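# A closer look at the structure
Take a look at the letters that make up each chain.
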Amino acid sequence: MSESILKRIIGLTGGIGTGKTTVSNYFADTYQLPILDADIYAREAVQPGSPILNRIITRYGSDVQLPDGTLNRKRLGEIVFPNPGERQWLEQQIHPYVRDRIKSQLNTSESPTVVLVIPLLFEANMTDLVTEIWVVSCPQEQQIQRIRERDRLSVEQAQSRLDSQLPLAEKVARADVVLDNSYTRDSLLQQVDRALGHYTNTYT
């Protein structure tokens with residue numbers, strides 16, 4: 001549990017390709033809730049010239065840097081996703097930065113409710129930052145299809161990304177709210193409405 005004075009800190013997570021962005025955009029657009037996105041902070045962590053990016057280049061070589069100085073994410077993914085040891089090393093570089101940025105933003109926010117979008121909420125041991133865990137879920141076949149369409153990956157590449165995360169069933173088992181995204185977008189968003197309505201009745 002967070003020590004923040006905020007009434008509600010929703011930790012939004014799920015597997016890759018389950019629909020977290022759809023839900024977070026709905027939180028922001030419909031309910032005007034502030035969104036703290038771990039992926040944004042992770043990109044900040046590897047900006048050109050940053051110490052973390054320099055360490056990555058030192059470890060993996062110039063292939064992981066594009067001509068404009070930014071990180072070659074595709075090449076880095078090809079290296080770390082099939083290799084748990086390398087993925088762990090990379091996460092040890094980035095996760096502390098992300099955690100510090102989230103805590104800093106929480107400390108300065110005056111909103112009574114904040115949504116933290118943290119894909120690796122469990123894997124990065126950040127559950128202590130939130131007061132409630134929401135997991136977006138769908139069948140693995142849908143995850144693979146969505147990942148392939150979004151990132152233009154092969155089945156094998158998509159599967160390796162799924163395998164790099166905690167099994168979705170384990171995340172669902174540890175969730176306070178489970179959002180089933182195996183049907184339509186409207187169905188998913190109606191579940192968000194119901195869950196937030198329950199929150200409003202309980203916490204106001």
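Everything in this summary refers to the structure shown in the same document. Starting afresh in each chain, residues are numbered from 1 along the sequence in its written order. In view of the model being predicted, local features appear only for residues whose pLDDT reaches at least 70, and side-chain atom pairs are presented and counted only at 80 or more, with totals across whole chains, interfaces and linings using the full set of residues. Computation of side-chain values covers all heavy atoms of the structure but excludes hydrogens and water.

## Digging into the nonpolar core
The nonpolar side chains of soluble globular proteins are, as a tendency, buried together. Let me state the cut-off plainly: Take the buried residues of types Ala, Val, Leu, Ile, Met, Phe, Trp, Tyr and Cys, join any two whose side-chain atoms come within 4.5 Å, and each joined set is a nonpolar core. Between buried and exposed lies partly exposed: a residue is buried under 20% and exposed over 50% of the maximum accessible area for its type, with that area taken using a 1.4 Å probe on protein chains only. Elements are defined by DSSP. Helices are runs of H or I of four residues or more, strands are runs of E of two residues or more, and each kind is numbered from the N terminus. Any two residues whose heavy atoms approach within 4.5 Å are treated as being in contact.
Within the largest apolar cluster, 36 residues are counted, with the highest numbers of intra-cluster contacts made by Ile56, Tyr60, Val64, Leu76, Ile102, Leu116 and Met126. Elements that contribute at least two residues to this core include exactly helix H2 (38–45), helix H3 (51–60), helix H4 (73–80), helix H5 (84–108), strand S3 (113–117) and strand S4 (132–137). No other element matches H5, which puts 6 residues into this core. When sequence neighbours within four positions are dropped, the list of residues in contact with Leu76 reads Ile56, Tyr60, Val64, Leu71 and Leu90. Membership of the second largest hydrophobic core comes to 17 residues, among which are Leu12, Val115, Leu179 and Leu189.

## A closer look at unusual backbone geometry
You will see that Gln32, though not glycine, has its phi angle at about 55°, which is positive. Within the secondary structure, Gln32 sits in the loop between helix H1 (20–31) and strand S2 (35–37). What makes Gln32 exposed here is its relative accessible area of 56%. Positive phi outside glycine occurs at Arg152, with the angle close to 55°. Structurally, the position occupied by Arg152 is in the loop between helix H6 (140–151) and helix H7 (155–163).

## A word on the pairing of S3
Operational definition: Strands are treated as partners if at least two bridges between them are detected by DSSP.
In terms of burial, S3 is a largely internal element, 5 of the 5 residues being buried. Alternating positions in S3 separate into two faces, Thr113, Val115 and Val117 on one and Val114 and Leu116 on the other, with burial throughout. Taken together, the 5 bridges between strand S1 (residues 8–14) and S3 define a ladder with parallel strand orientation. For Ile10, the partnering residue across the bridge sits in S3 and is Val115. As defined by bridge partners, S2 adjoins S3 across 3 bridges and the pair is classed as parallel. Residue pairing in the sheet places Leu36 in a bridge with Leu116 of S3.

## Re the pattern of salt bridges
Spelled out, the test is: Within this document, salt bridges are pairs made up of a side-chain nitrogen of Lys or Arg and a carboxyl oxygen of Asp or Glu, the two lying within 4 Å of each other.
Overall, the coordinates contain 7 salt bridges when judged by the stated rule. Across the pair Arg59 and Glu86 runs a salt bridge, and its minimum N-O distance is 2.8 Å. Taken together, the residues Arg59 in helix H3 and Glu86 in helix H5 connect sequence positions 27 residues apart. Overall, Glu86 belongs to the buried group, its relative accessible area being 19%. Among the salt bridges present, the one from Glu123 reaches Lys171, with a minimum N-O distance of 3.1 Å. Placement of the pair is Glu123 in the loop between S3 and S4 and Lys171 in helix H8 (residues 168–173), with a sequence separation of 48 residues. With relative accessibility at 0%, the residue Lys171 sits in the buried group.

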